[in-house]
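Breakdown of the fold
Residue strings, one per chain:
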Amino acid sequence: MNLFDFGQEQEKEKKAPLAARMRPRTLDEMVGQSHILGPGKLLRRSIEADQLSSIILYGPPGTGKTTLAKVIANTSQAHFEQLNAVTAGVGDIRRLTQEAKERLGMYSQRTLLFIDEIHRFNKSQQDALLPYVEDGTIILIGATTENPSFEVNSALLSRSRIFQLQPLSEAELKELADRALTDEERGLGHYRAQAEEEAIQHMVRVASGDARNLLNALELAVTTTPPGEDGIRLITLEVAEESIQQKMVRYDKGGDQHYDTISAFIKSMRGSDADAALYYLAKMIHAGEDPRFIARRVFIHAAEDVGMADPRALTIAAAAAQAVEHIGLPEAQIPLAEAVIYIATAPKSNAVVRGINEAMEAVKKESRGDVPAHLRDTHFRGAKDQGRGQGYLYPHHFPRGYVQQQYLPDEHRGKTFYHPTDIGYEKKLKEFIRWVKTPSQ
């Protein structure tokens, strides 16, 4: 590179967005992803030893997939090439793989090929890569926001290791923001900017684990805020809200607002007000509440307040909780909302709660509670000689699969713990229980 080209590169770097300028250059500068880049972890060892095999980096935007590829390029002695799957075609792949083959043969130098958004490659493009990944001509570094198990063909997957990147925590995002505000060489340090704690917290929360989103908003906030008389650019909450284009919701996850909102959420579902329940759900999601916490409350409510009036409510709540674990936000807000609407509009009964509570009290107060002899286990030698199982009536030998016999211990004989209501499905249960308890049956 001549001096003219070098000068152009420096000028280009100065004009690059803050997120690009602050991009870590070494593993030690990386923030987050300690589960794959921490000391002693396989990926870190492979990078440090320059013995990387083909990998696919999978995670949401702004978690460091491209950054990690650049760090690998800076660390490795291999030649580095980059393609974007949106603009690259089979011709580009063939050209790069041919050059990689020649480089390996002539100079024994390996080639790292970074393909951003690899999930956008079609089958023919992925197939064109396969032979060169298989014989080691290129070492593939693929990056994708989509689950590679569904978007990358199995042959390519089997020759690559998948590493999943996680959204950055609020503490990690705060570290990046502080670094950017104080770095005078690549960051915003020369602007002499100071951010109110509330402003930084808001941008960090709204960024939702996305470092690029945070740094873009921070740069906009600093560069558009005029300096005061003291030369300091003060970033207020109002400036932060404008820069990241989202108003702050007054919601303290550790304070009264948290407990008041979740209380109102549960009571709205119990009160069959789907609109109010959706509002409080939206408020919690918008404020950054842990979706797993919300899913747990929905799950509990389905059993506690709907119960056997509509047993499907528990299944739907379980599906929403599973969606939260598998797909996360923002997509998981849809199955959560579906479960909330279903549960809010479902018939309500807490007979199950009263039933288990009464049964628990009976167990606590009983003196013996011996299992009746005819219900005891008979799966061992000599059991029948002890009178176990004698007199047991097998229900399937009788009409409608039912026969009257004693199931409760003598101490609790005749007691009723479950009192079904006349609401929803429970009305059918009440009719069935009345039938099975009728002496003539």
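Counting from 1, residues in each chain are numbered in the order their sequence is written. pLDDT decides what is reported in this predicted model: residues at 70 or higher carry local features, side-chain atom pairs at 80 or more are listed and counted, and totals for whole chains, interfaces and linings draw on all residues regardless. Hydrogens and waters are ignored; side-chain quantities use all the structure's heavy atoms.

So, about the sheet that holds strand 1 (residues 55–58). Pairing within the open sheet is parallel, and its 5 strands lie in the order 2-3-4-1-5. Looking at the sheet topology across the chains shown, the edges are occupied by strand 2 (79–84) and strand 5 (161–164). Going from strand to strand, the sheet's axes swing by 20° on average, the running direction of each strand aside. Two strands make a pair as long as DSSP finds a minimum of two bridges between them. Numbering of helices and strands runs from the N terminus; a helix is a DSSP stretch of H or I covering at least four residues, while a strand is a stretch of E covering at least two. Bridge count between strand 1 and strand 4 (residues 138–144): 4 bridges; the pairing is parallel. Residue pairing in the sheet places Ile56 in a bridge with Gly142 of strand 4. Along the sheet face, helix 6 (residues 90–107) touches strand 2, strand 3 (111–116) and strand 4 and points at about 175° away from the line of strand 2. Fitting a line to C-alpha atoms yields each axis, with helices limited to the stretch in contact; the angle taken between N-to-C directions then spans 0 to 180 degrees. Here, residues are in contact when the closest pair of their heavy atoms is within 4.5 Å.

This part covers helix 17 (residues 312–327). One full turn of an α-helix is made of 3.6 residues, so residues set three or four places apart face in the same direction. The length a helix should cover is 1.5 Å for every residue beyond the first. With 16 residues, helix 17 should reach 22 Å at 1.5 Å per residue; the first-to-last C-alpha distance of 22 Å fits that figure. Turning to helix 17, its buried residues number three or more, namely Ala313, Ala317, Ala320, Ala321, Ala323 and Val324. Looking down the long axis of helix 17, one finds its buried residues gathered within 155° of arc, a one-sided arrangement. Exposed side of helix 17, more than 90 degrees from the buried face: Arg312, Thr315, Glu325 and His326 are the residues found there. In this structure, the buried side of helix 17 is in contact with helix 16 (291–306) and helix 18 (333–345). Looking one or two places after helix 17, you find Gly328, whose phi comes out positive at around 65°. The classification of residues rests on relative accessible area computed with a 1.4 Å probe and restricted to protein chains. Under 20% of the type maximum is buried, over 50% is exposed, and intermediate values are partly exposed. Directions pointing from the helix axis toward each C-beta atom define the arc.

With that settled, the discussion passes to the packing of helix 11 (residues 197–207) against helix 13 (residues 237–244). The description of two packed helices rests on the angle between their axes and on the distance between the axes. Taken N-terminus to C-terminus, the directions of helix 11 and helix 13 make an angle of 20°; their axes are 8 Å apart at the nearest point. Considered as vectors, helix 11 and helix 13 are oriented roughly parallel to each other. Note on packing geometry: the crossing formed by helix 11 with helix 13 is right-handed. Contacts from Glu198, Ala199, His202, Met203, Val206 and Ala207 in helix 11 reach Leu237, Ala240, Glu241 and Ile244 in helix 13. We call two directions roughly parallel when the angle between them is under 35 degrees, roughly antiparallel when it is over 145, roughly perpendicular when it lies between 65 and 115, and oblique otherwise. Two helices crossing with the near one rotated counterclockwise from the far one by less than a right angle form a left-handed crossing, whereas a clockwise rotation gives a right-handed crossing.

Moving on to a nonpolar patch on the surface. The patches reported here contain residues having more than 30% relative accessible area and no salt bridge. Joining distances are 9 Å for like charges and 5 Å for nonpolar side chains (Val, Leu, Ile, Met, Phe, Trp, Tyr). Using the Shrake-Rupley algorithm and a 1.4 Å probe, accessible areas are obtained, with residue cover drawn only from the displayed protein chains. Should a side-chain nitrogen of Lys or Arg be within 4 Å of a carboxyl oxygen of Asp or Glu, the pair is scored as a salt bridge. A grouping of Phe299, Ile300 and Leu314 is seen on the molecular surface, where their side chains present a nonpolar patch of about 230 Å² in accessible area. If you trace the backbone, Phe299 turns up in helix 16. Of the residues examined, Phe299 reaches a relative accessible area of 33% and is grouped as partly exposed.

Moving on, we get to the domain arrangement of the chain. Parsing the chain into structural domains produces domain 1 (33–164), domain 2 (170–243), domain 3 (255–348) and domain 4 (371–437). Computed from C-alpha coordinates alone, the two centres of domain 2 and domain 3 are separated by 34 Å. What fixes the domain bounds is an automatic or database domain assignment.

What follows deals with the UniProt feature "domain: AAA+ ATPase" (unreviewed entry) in the chain. Residues annotated by UniProt as "domain: AAA+ ATPase" (unreviewed entry) correspond here to residues 51–168. Across residues 51–168, helical content stands at 42% and strand content at 23%; the span's end C-alpha atoms are separated by 27 Å. UniProt positions are given in the numbering used here, feature names are shortened, and annotations may be inferred rather than shown by experiment.

Here the focus is the side chain of Asn153. Along the polypeptide, Asn153 turns up in the loop between helix 8 (148–151) and helix 9 (154–158). Apart from the residues lying within four places of it in its own chain, the contact partners of Asn153 are Gln126 and Asp127.

Counting through the fold element by element, Lys65 comes out in helix 5 (residues 65–75). Discounting residues that sit within four places of it in the chain, Lys65 has contacts with Leu57, Tyr58, Gly59, Pro60, Ala143, Thr144, Thr145 and Leu165. For Lys65, the side chain forms a polar contact with the main-chain oxygen of Gly59, separated by 3.0 Å. Within 3.5 Å is the distance limit for a polar contact, defined as a pair of N or O atoms, with the added protein rule that one can donate a hydrogen and the other accept it, and that residues adjacent in sequence qualify only through two side-chain atoms.

Two rings from Phe, Tyr or Trp (for Trp, the six-membered ring) form a pair when their centres are within 6.5 Å of each other. A pair whose planes differ by under 30 degrees is stacked, one over 60 is edge-to-face, and the rest are tilted. This model, assessed by the stated rule, comprises 4 aromatic pairs. Taking 6.5 Å as the distance between ring centres and 20° as the angle between the ring planes, the aromatic pair formed by Phe80 and Phe114 counts as stacked. Linking Phe80 in strand 2 with Phe114 in strand 3, this pair joins segments that are 34 residues apart in sequence. Assessed through its relative accessible area of 21%, Phe80 is described here as partly exposed. The class for Phe114 is buried, based on a relative accessible area of 0%. Between the aromatic rings of Tyr402 and Trp435, the centroid separation amounts to 5.5 Å while the plane-to-plane angle is 50°, which identifies the pairing as tilted. Taken together, the residues Tyr402 in the loop between helix 19 (351–365) and helix 20 (425–436) and Trp435 in helix 20 connect sequence positions 33 residues apart.

Turning to the environment of Ala221, a few remarks are in order. Inspection of the secondary structure puts Ala221 in helix 12 (residues 211–223). The exposure class of Ala221 is buried, given its relative accessible area of 0%. On a C-alpha basis, the gap between Ala221 and Lys365 in space is 66 Å, while along the polypeptide they are 144 residues apart.

Turning next to the pairing of strand 3. Within strand 3, 6 of the 6 residues are buried, which leaves it mostly tucked inside the rest of the structure. Residues Thr111, Leu113 and Ile115 of strand 3 are buried on one face, and the alternating residues Leu112, Phe114 and Asp116, pointing to the opposite face, are buried as well. Across 6 bridges, the pairing between strand 2 and strand 3 is parallel. Along strand 3, the bridge assignment pairs His79 with Thr111. With the strands pointing away from the viewer, any crossover whose connection runs clockwise from the first strand over the helix to the second is right-handed. You can see the chain leave strand 2, run along helix 6 and come back into strand 3, and the turn it takes is right-handed. With 6 bridges joining them, strand 3 and strand 4 adopt parallel strand pairing. Across the sheet, residue Phe114 finds its bridge partner in strand 4, namely Ile141. The β-α-β motif built from strand 3, the intervening helix 7 (residues 123–134) and the parallel element strand 4 has right-handed crossover chirality.

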